[in-house]
Amino acid sequence: MATLAPTATSAVDPLDVTRPELYRDDSWHEPFARLRAEAPVYRCENSAFGPYWSISTYKPIVEVESLPELYSSQAGGITVADLMPEDIKMPMFIAMDRPKHTGQRRTVAPAFTPSEMQRMRGDIQRRTAELLDALPVGETFDWVDAVSIELTTQMLALLFDFPWEERRKLTHWSDWAGDIEIAKDPVKKEERRAILFECASQFGALWNSKVGKDPTPDLISMMIHSDAMAQMDQMEFLGNLILLIVGGNDTTRNSMSAYAWALHQFPDERAKLEADPTLIPNATQEIIRWQTPLAHMRRTATRDTQLMGQKIAEGDKLVLWYLSANRDASVFDDPDAIRVDRDNARRHLAFGHGIHRCVGARLAELQIGVLMEEMGKRRLRANVVGEPERVAACFVHGYKKLPVELSRY
């Protein structure tokens, strides 16, 4: 394997894949292709987030995720952005190591079991049908706002038993919490602090309204009635809220947007899916793979080690580029293409791997699949009529706007 030399003296490292313009302009493909081919474990010395190891292929990412004691989620957090002393400390179970991670994850996991998915399916179908029936056919509208955001925000409101008429606050809080670029801007950091404390205040009132009451199947009640999470302090409560809001919002929302955008790019695959609805479960996995709505997670080495021949030092930051691993041609044939019948689409890493694999993966899959089912029942097709406006950041890989017109087929 060829190894690229670090470019410590360059003003801009062309292989620094944290640069926001790569995602804003959808130009991330070329540097990641080069990393995968030449240096799948690459030391980037120059970035706005400091030095880091870029892990860009499937095999070493799975190795890192499989060794949580060696590669910690807690030591440095889960994003390429380092937590500064003045930043808000918001512990959350995805950024915890065992054993505390295990107890907190087990608390919320019952909300996402197969039996719970079956229980929720009817409601998800009903709400999706109502939304689609209210959309205009033959008129331009923003798919992101009208469909992706609305459906995911409705789901979050139900999961938290959050006031229905105020559900768009969840999207607002998610967008501010998940914007990694704010780490570079002290003014925006302070603005985010105020916004997240507003979130904590409203959820604190919701928590207090449920204390002493009988258990209900929402996430707040599950936390209250658990040994692992009942005694969380305010910041840990906020951290876990943000985790569940961002995780529940961004994964599903941006995959739903990718459904419209990706199938527009591959009309033959869209026709195949429209002709055979039994492909929907597999197409759901393929769209999630192709989009990869969270581009990376970060780990921190707890001791000196080696990864694919590279010497990793204790304390080093490793950025696991799920976005790139899901385009690894050694795993996925013709990886840049959508293939609704791809036989190994389920092997994608968009939900992570190992003990930190996304706890809500089944719910995301269910919502995306139901959207495709209900579109198919109505013989509706989303025709993209303009370029999407994309998120300019290396963490949430998504869309701000996507103009479409619906037609019948």
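Look up a bit, the structure's there.
An account of the accompanying structure is given in this report. (Residues numbered from 1 in each chain as written. Predicted model: local features only at pLDDT ≥ 70, side-chain atom pairs only at ≥ 80, totals over all residues. Heavy atoms only, no water.)

Details of the overall build of the chain
Note the following rule: Helix and strand assignments follow DSSP, with helices taken as H or I runs no shorter than four residues and strands as E runs no shorter than two, numbered in order from the N terminus. Burial classes follow relative accessibility: with a 1.4 Å probe on protein chains only, a residue under 20% of its type's maximum area counts as buried, one over 50% as exposed, and anything between as partly exposed. Only the protein chains shown count as cover for residues, with accessible areas throughout obtained via the Shrake-Rupley method and a probe of 1.4 Å.
Check the secondary structure of the chain and you find 14 helices and twelve strands. Seen through its C-alpha atoms, the chain measures out along the principal axes to roughly 55 × 55 × 40 Å. A total of 409 residues make up the chain; the buried ones form 57% of that total. Split by element, the accessible area of the chain, about 16700 Å² in all, is 52% carbon and sulfur.

Overview of the pairing of strand S5 (residues 296-301)
Threshold: Two strands qualify as a pair provided that DSSP identifies no fewer than 2 bridges between them.
Across the six residues of S5, six count as buried, placing the element largely inside the fold. Here S5 shows no split at all, with His-296, Arg-298 and Thr-300 on one side and Met-297, Arg-299 and Ala-301 on the other all buried. Note: strand S3 (residues 71-72) against S5, two bridges, orientation antiparallel. Each residue of the ladder has a partner; that of Ser-72, found in S5, is Thr-300. Relative to strand S8 (residues 317-321), S5 runs antiparallel, the two sharing five bridges. By the bridge assignment for S8, His-296 is matched with Trp-321.

Re the pairing of strand S1 (residues 41-44)
Consecutive residues of a regular strand have side chains that alternate between opposite faces of the sheet. Side chains Val-41 and Arg-43 of S1 all project onto a buried face; the interleaved residues Tyr-42 and Cys-44 project onto the opposite face, where all are buried too. When S1 meets strand S2 (residues 52-55), the two strands line up antiparallel, connected through four bridges. Bridge assignment links Cys-44 to a residue of S2, and that residue is Tyr-52.

A word on the sheet that holds strand S4 (residues 140-142)
Definition in use: What counts as an axis is a line fitted to C-alpha atoms, over the stretch in contact for a helix, and the angles between N-to-C directions run from 0 to 180 degrees.
Ordered by their spatial adjacency, three strands build an open sheet running S4-S12-S9, and the pairing between neighbours is antiparallel. A single partner strand is all that each edge strand has here, and the edge strands are S4 and strand S9 (380-384). Between one strand and the next, the sheet's axes are offset by a mean angle of 45 degrees, whatever the strand orientation. One ladder, built from three bridges, connects S4 with strand S12 (residues 403-408); its direction is antiparallel.

A short note on the environment of Thr-57
Put simply, the rule is: Throughout, a contact is declared for two residues whenever any of their heavy atoms are within 4.5 Å.
Relative to the elements of secondary structure, Thr-57 occurs in the loop between S2 and helix H3 (58-65). With residues near it in sequence (within four places) discarded, Thr-57 still touches Arg-36, Pro-40, Met-308, Ala-325 and Asp-328.

Some remarks on the pattern of salt bridges
The line we're drawing: Salt bridges are defined as contacts in which a side-chain nitrogen from Lys or Arg sits within 4 Å of a carboxyl oxygen from Asp or Glu.
Tallied over the entire structure, the rule returns 35 salt bridges. Salt-bridge contacts for Arg-98 lead to Glu-69; the nearest nitrogen and oxygen are separated by 2.9 Å. Of the two residues, Arg-98 sits in the loop between S3 and helix H4 (100-108) while Glu-69 sits in the loop between H3 and S3, which places them 29 residues apart along the sequence. Notably, a salt bridge pairs Glu-286 with Arg-342, separated by 2.9 Å at the nearest N-O pair.

A look at the packing of helix H6 (residues 143-160) against helix H10 (residues 234-265)
Between two packed helices, the angle of one axis relative to the other and the distance separating the axes together describe the packing. Heads up, the rule is: Each helix crossing is assigned a hand: it is left-handed if the near helix lies turned anticlockwise from the far helix by less than a right angle, otherwise right-handed if that turn is clockwise. The residue classification treats Ala, Val, Leu, Ile, Met, Phe, Trp, Tyr, Cys and Pro as nonpolar and Asp, Glu, Lys and Arg as charged. All others, Gly included, are polar.
Look at H6 against H10: their axes get within 9 Å of each other, and the N-to-C directions meet at 150 degrees. Between H6 and H10 the crossing geometry is right-handed. Only Leu-241, Leu-244, Ile-245, Gly-248, Asn-249, Thr-252, Arg-253, Met-256, Ser-257, Tyr-259 and Ala-260 of H10 make contact with H6, whose side of the interface consists of Trp-143, Val-144, Ser-148, Ile-149, Leu-151, Thr-152, Thr-153, Leu-156 and Phe-160. Of the residues that constitute the contact of H6 with H10, the class distribution is twelve nonpolar, seven polar and one charged.

Points about the side chain of Gln-367
Its location among the elements puts Gln-367 in helix H14 (residues 361-377). When its relative accessible area of 5% is taken as the criterion, Gln-367 is described as buried. Not counting the four nearest positions on each side in its chain, Gln-367 is found in contact with Ile-124, Leu-151, Thr-152, Met-155, Thr-252 and Met-256.

Notes on the nonpolar core
Threshold: Side-chain atoms within 4.5 Å are what join buried Ala, Val, Leu, Ile, Met, Phe, Trp, Tyr and Cys residues into a set we call a nonpolar core.
Formed by 48 residues in total, the largest nonpolar core has its most connected members in Tyr-23, Leu-318 and Trp-321. Listing elements by their share of this core, those giving two or more residues are helix H1 (20-24), helix H2 (29-38), S1, S2, H3, S5, S8 and helix H13 (322-325). Other than its neighbours up to four places away in sequence, Trp-321 contacts Val-17, Thr-18, Tyr-23, Phe-32, Tyr-52, Ser-54, Ile-55, Ser-56, Ile-61, Ala-295, His-296 and Cys-394. Formed by 42 residues, the second largest nonpolar core is a distinct cluster that contains Phe-112, Met-155, Val-359 and Leu-363.

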